[in-house]
Amino acid sequence: MHKLLLAFLLLCSFSASAQKDAALAITHVTVIDCTGAAAKPNSTVLVTGRLITTVGPSDSVPVPANARVIDANGKFLIPGLWDMHGHLTDATADAFPLMIMNGVTGVRDMGGDLAQIDRWRAEIENGSRVGPHIIRAGPFVDGPKEGVTNRLTVRTPEEARKAVRDLKAKGVDFIKVHNALPPDAFFALMDEARKEHIPVAVHLPKGVSSAEASDAGAASLEHVETMSESAMWRKGATAKTVEQAVDEILGPSGEELFQRFVKNATWYVPTLVAYERGFVLWSNDPESLIPRLQIHEKNIEIVRRMHKARVQIMAGSDFSDWGMVPGIDLHNELALLVEAGFTPLEALQAATLNPAKFLGKTDLFGTIQPGREADLVLLDMNPLEDISHTRKIHAVVLGGKFYPIASMRAQSLQDAAKQ
Ligand SMILES: [Zn+2]
């Protein structure tokens, strides 16, 4: 906790010292713009205010006289990363410095305390807090459940329709459905959300199949393990165990399902790292560890098949469920996506271009192009050679402000050593 506080104070002081409108020039850098284009060595990226204004060869882009110049020879520049499945309320405000220091400049909050998140969001917008862009659902829409918070409890189709209208009136960016919502209430909610033009992210309700959720217009389906839950719990299910369920999905019915996701433009956020952490690594029961590990391997194979079938996939960590760590576990998810057959560039896109596409904000986020928000991560090593190099963060640019993360880390260690 102490280290976090220190990191946060450091972020604040660096932020305060950053000049607001002066131009920033990152020169001689290899730009991986995440549009799909090849990496561009020896490039200059100019930033003015919050925005990227120019991207071009260092030989031909003039650097403005007043610009702060960062000579990034030998370094690599990628767009700021988005974690598309997080829970800020569970994580507390400690999440913010962790995210920024780990290059995560945007987050989709998948259920929490709306008033609190909006306070944080306002503080981030007015500059009094350093933190990522936040897209948020507000409370989960869920069926009756014990011992959970930040839920709108819905039992009937009528209550489901009302929940959609109420949440829309509160200005949420999308609706997050959770697994205890009764199926008839779920379908009513999806119908009402379609009428109200508000996207729905679905943690599959028990008894609803992934195919039905996709057909009902889910914007995104969450968590790879809900695929096997669907196979076990849908009407007419034949799979009795998780093992049978994953095998079913790895057969022809899975291929059919993936085609349906493509046809319906349903996005998938597999949160492989959360399954690995929650169901494999945190198992207290050695007996069950091996079978769970085998399920994890098959889940990775499911994501591989999905990706091959061209299902649109985004990276999400599901912090802070299962003790997932904001900022850090997104990098673990990127590595798991590469294990699932993504090229390193495709894994980067799952946390940059794809979230921007999903949010309908490619004009603002997700790539390194003029006109985009200057959210950038400067790396010491090439992430296209090895995805783990996304952790080699030299600096982060957030809304045009430059944070020298590597030297901040060194400094906080020094400060800690003095205590
Ligand atoms: Zn979650």
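Structure: see above.
This is a predicted model, so every value here is computed, not measured. (Residues numbered from 1 in each chain as written. Predicted model: local features only at pLDDT ≥ 70, side-chain atom pairs only at ≥ 80, totals over all residues. Heavy atoms only, no water.)

> Break down the coordination of the zinc ion for me, citing the residues and quoting the values.
Ideal geometry at a metal gives 109.5 degrees between four tetrahedral donors and either 90 or 180 degrees between six octahedral ones. Donor atoms from the polypeptide that coordinate the zinc ion comprise His 85 (NE2), His 87 (NE2) and Asp 318 (OD), at 2.1 to 2.3 Å from the metal. The sequence motif formed by the donor residues of the zinc ion is H-x1-H-x230-D. Residue His 87 is classed as buried on the basis of its relative accessible area, which comes to 2%. (Donors = N, O, S within 2.8 Å, 3.2 Å for Na, K, Ca; no water. Buried < 20%, exposed > 50% of the residue type's maximum accessible area, 1.4 Å probe, protein only.)

> Could you give an account of the packing of aromatic side chains, naming the residues involved and the relevant values?
Going through the model one piece at a time under the given rule, you end up with seven aromatic pairs. Summarising the aromatic geometry, the rings of Phe 96 and Trp 120 are spaced 5.3 Å apart at their centres and angled 80° between planes, so their arrangement reads as edge-to-face. Of this pair, Phe 96 sits in helix H3 (residues 95-101) while Trp 120 sits in helix H4 (residues 114-125), and the two are 24 residues apart along the sequence. When sorted by exposure, Phe 96 lands in the same class as Trp 120, which is buried. Considering the side-chain rings of Trp 267 and Phe 358, the 5.7 Å spacing of their centres and the 80° angle between planes classify their relative orientation as edge-to-face. With Trp 267 in strand E14 (residues 267-269) and Phe 358 in helix H15 (residues 353-358), the pair connects residues that are 91 residues apart, well separated along the chain. Judged on exposure class, the residue Trp 267 and its partner Phe 358 are both buried. (Phe/Tyr/Trp six-rings, centres within 6.5 Å; stacked < 30°, edge-to-face > 60°. Helix = DSSP H or I, 4+ residues; strand = E, 2+ residues; numbered from the N terminus.)

> Please provide a residue-by-residue account of the pattern of salt bridges, values included.
Scanning the entire structure with this criterion turns up 23 salt bridges. Salt bridges linked by common partners bring Arg 161, Arg 165, Asp 191, Glu 192, Arg 194 and Lys 195 together as one network. (Salt bridge = Lys/Arg side-chain N within 4 Å of Asp/Glu carboxyl O.)

> Mind laying out a nonpolar patch on the surface, listing which residues take part and the relevant values?
Taken together, Leu 281, Trp 282 and Trp 322 make up a surface patch of nonpolar side chains, about 350 Å² in accessible area. Checked against the element boundaries, Trp 282 lands in the loop between helix H11 (272-281) and helix H12 (286-308). (Patch = residues over 30% accessible without salt bridge, like charges linked within 9 Å, V, L, I, M, F, W, Y side chains within 5 Å. Areas by Shrake-Rupley, 256 points an atom, 1.4 Å probe, with all protein chains shown as cover.)

> Outline the side chain of Ser 209, supporting the account with residue identities and numerical values.
With respect to the element layout, Ser 209 can be found in the loop between strand E12 (200-202) and helix H7 (210-215). Given a relative accessible area of 7%, Ser 209 falls into the buried group. What Ser 209 contacts, discounting residues up to four positions off in sequence, is Leu 204, Ser 230 and Arg 234. (Contact = heavy atoms within 4.5 Å.)

> I'd like to hear about the pairing of strand E7 (residues 104-109), residue by residue, with values.
Within E7, six of the six residues are buried, leaving the element largely enclosed by the surrounding structure. Where strand E6 (residues 81-86) lies against E7, four bridges are found, and the strand directions are parallel. Its bridge partner lying in E7, Leu 81 is registered against Val 104. Following the chain from E7 across H4 to the adjacent parallel strand E8 (residues 133-136), one finds a crossover that is right-handed. (Pairing = 2+ DSSP bridges. Right-handed = clockwise from strand over helix to strand, strands pointing away.)

Interpretation note: all reported values are geometric properties and have no functional meaning in isolation.
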